[in-house]
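Spelled out from the first residue to the last, the chains are:
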Amino acid sequence: MLKKDDIVEIKIEDVTHEGEGVGKIDGFALFVPKTVTGDVVKAKVISTKKAYGRALIEEIITPSPHRVEPKCSVYDDCGGCNLQHASYEHQMQIKRKIVSDAIKRIGGFEDVPVHETLSADSENYRNKMQAPVGIIEGKTVAGFYKPRSHDIVETESCTIQHSHNNHILNNIVKAVRELEIPPYEEKTGKGTIRHIMTRVGVATNQTMAVIVVTDKTFHKKGDLVTKIRKLLPKLTTLVINVNNKKTNVILGEESQVVFGPGYIEEISQDITFKISPLSFFQVNPKGMELLYNKAVEYASLTGEENVIDAYCGLGSISLFMAKKAREVIGIEVVPQAVADANENAKINKIENVKFIEGKAEEIMVDLAEKGEYNDVVVLDPPRKGCEESLLVAIKRMAPEKVVYVSCNPSTLARDLKILCQNEDYKLEEVQPVDMFPHTGHVEVVCKLSR
Ligand SMILES: C[S@@+](CC[C@H](N)C(=O)[O-])C[C@H]1O[C@@H](n2cnc3c(N)ncnc32)[C@H](O)[C@@H]1O
């Protein structure tokens, strides 16, 4: 039985859905971050449970043929990426296997085709950055957390971020540092600046910065705005967001637009999207197009269909589908996202969509009880997946097609199993899409038919 501080030699046999390598010692599973299948490493055990433990690399004895030199200078410490040490080709194989394993093990589907992972941009692809601000050795810094901690790793040039995001972050941190505005300290609850969020409209070149603070009337606010305007003359909008709660949630509910419109726009396949600070928008615009085109293909639209887009965010899938369907109804819980969705329909002169604000599980149950019929239901829930009541409501509604988009293969497989119980639906095919290169995350789109 292994115990903490043991040093072991281990061959890595697989990579988990969290992007960690895993091997076995006498049947005991050991998870070793930043390893890849085929590595043989010397590792130090840092924690153990009954059937598994975690260990950190001490030395790479034999590197896997899939191992490459990470591009990022802070990769070893940072918790943002965890697969940069694997060749990009191999990352795509890892992700396909993660999806395929979940579909088989959790969903119980043996013979469903899981296609090769689709990929678009793999470097500087992220259009959104959320960086915590803190102090290291007396210096104000921003970056990302170390794995499983809230210790900040200073990051000036994140290799997966769009260059505008890095530039904006560095300059706002410079301004905060020069003005000596205190960063928020989680332990004491003191200080002002909590996070800096930046967003880029890649096709429009519009940029947004959101500074998350504990108090909207903070000392030197005017000086900070003046400095930011000087350092970042091309920044198109600046928003102050107030979050004074003891919470891991980054954005608070109150936002104040300092200059510009308070949102940015992105254009994708001739559709313009207005994106507000609190609205969800896919982080990899090129990957997003691959994903949505596949979702539209799986919906098999002919122009006659009524579609429900549950968990619609600011209406992105709804608008993609609306061009090829009779009508689309989007359902979304965040009021600002619904406001954006309505605005987006208007901007793009798309009239066959409507958006309902509320919880998808409640609205779908309601629609099913009223006997509403729809031809296609699209699901794109957050990581925790769908409520069972929503899946049962879909089965009552009995649309011909369900298109399930997910960023979590485990909850996806759990939900697919429920949809396919009693052969109500058949899972036809599964398409992984690499929306998050160099991290363990993967997006999936599935086609189900009655
Ligand atoms: C993964 S995002 C997908 C958004 C959109 N389909 C897209 O591709 O941009 C999930 C969305 O579900 C929303 N959401 C979370 N819980 C919800 C619920 N119970 N009912 C409706 N929407 C919900 C979130 O606010 C978010 O906009």
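Quick caveat: nothing in here was measured; it's all calculated off a predicted structure. (Residues numbered from 1 in each chain as written. Predicted model: local features only at pLDDT ≥ 70, side-chain atom pairs only at ≥ 80, totals over all residues.)

1. Section: the site of the ligand
Basically, it comes down to this: Throughout this description, a residue near a molecule or strand is one whose C-beta atom, derived from the backbone, lies within 6 Å of it. Secondary structure elements follow DSSP: runs of H or I of four or more residues count as helices, runs of E of two or more count as strands, with numbering from the N terminus. Residues are grouped as follows: nonpolar covers Ala, Val, Leu, Ile, Met, Phe, Trp, Tyr, Cys and Pro; charged covers Asp, Glu, Lys and Arg; every other residue, Gly included, is treated as polar.
Neighbouring residues of the ligand: 19 residues in total, closest Phe-280, Tyr-311, Gly-313, Ala-360 and Asp-380. For the shell around the ligand, the secondary-structure elements that each account for two or more residues are α5 (316–322), β18 (327–332) and α7 (360–369). Residues of the shell around the ligand, tallied by class, amount to twelve nonpolar, three polar and four charged.

2. Focus on the domain arrangement of the protein
What counts is decided by this rule: For the purposes of this description, domain bounds are those given by an automatic or database domain assignment.
Parsing the protein into structural domains produces domain 1 (7–67), domain 2 (93–121 + 284–449) and domain 3 (128–267). Each of domain 1 and domain 3 has a C-alpha centre, and the two are 36 Å apart.

3. Considering the sheet that holds strand β10 (residues 152–154)
Stated formally: Only strands joined by at least two bridges in the DSSP assignment are considered to pair. As a rule, the C-alpha atoms of each element are fitted with a line to give its axis, helices using only the stretch in contact, and angles between N-to-C directions run from 0 to 180 degrees. Throughout, a residue-residue contact means that the two C-beta atoms, derived from backbone geometry, are no farther apart than 7 Å.
With mixed pairing, seven strands are arranged side by side in an open sheet as β10-β9-β8-β11-β12-β13-β14. In this open sheet, the two strands that pair with only one neighbour each are β10 and β14 (254–259). The sheet shows a mean angle of 35° between the axes of neighbouring strands, taken without regard to direction. Against the sheet, helix α2 (residues 163–179) touches β8 (128–136), β9 (139–145), β11 (193–201) and β12 (206–213), its axis set at about 150° to β11.

4. Overview of helix α6 (residues 335–347)
Spelled out, the test is: Here the expected span of a helix is defined as 1.5 Å times the quantity of residues minus one.
Here α6 spans 18 Å end to end across 13 residues, near enough to the 18 Å set by a 1.5 Å rise per residue. Considering only its buried residues, α6 is in contact with β16 (271–275), α5, β18 and β19 (353–357).

5. Structural notes on the UniProt feature "binding site: S-adenosyl-L-methionine" (unreviewed entry) in the protein
Note the following rule: UniProt positions are given in the numbering used here, feature names are shortened, and annotations may be inferred rather than shown by experiment. Each residue is classed by its C-beta neighbour count within 10 Å, where at least 20 other C-beta atoms makes it buried, 12 or fewer makes it exposed, and intermediate counts make it partly exposed; the C-beta atoms are placed from backbone geometry.
The feature "binding site: S-adenosyl-L-methionine" (unreviewed entry), as annotated in UniProt, sits at Gln-282, Tyr-311, Glu-332 and Asp-380 in this numbering. With respect to the helices, strands and loops of the structure, Tyr-311 is situated in the loop between β17 (306–310) and α5. Take Tyr-311: there are 21 C-beta atoms within 10 Å of it, and that puts it in the buried class. Beyond its immediate chain neighbours, meaning those up to four positions away, Tyr-311 contacts Glu-332, Ala-360, Leu-379, Asp-380 and Pro-381.

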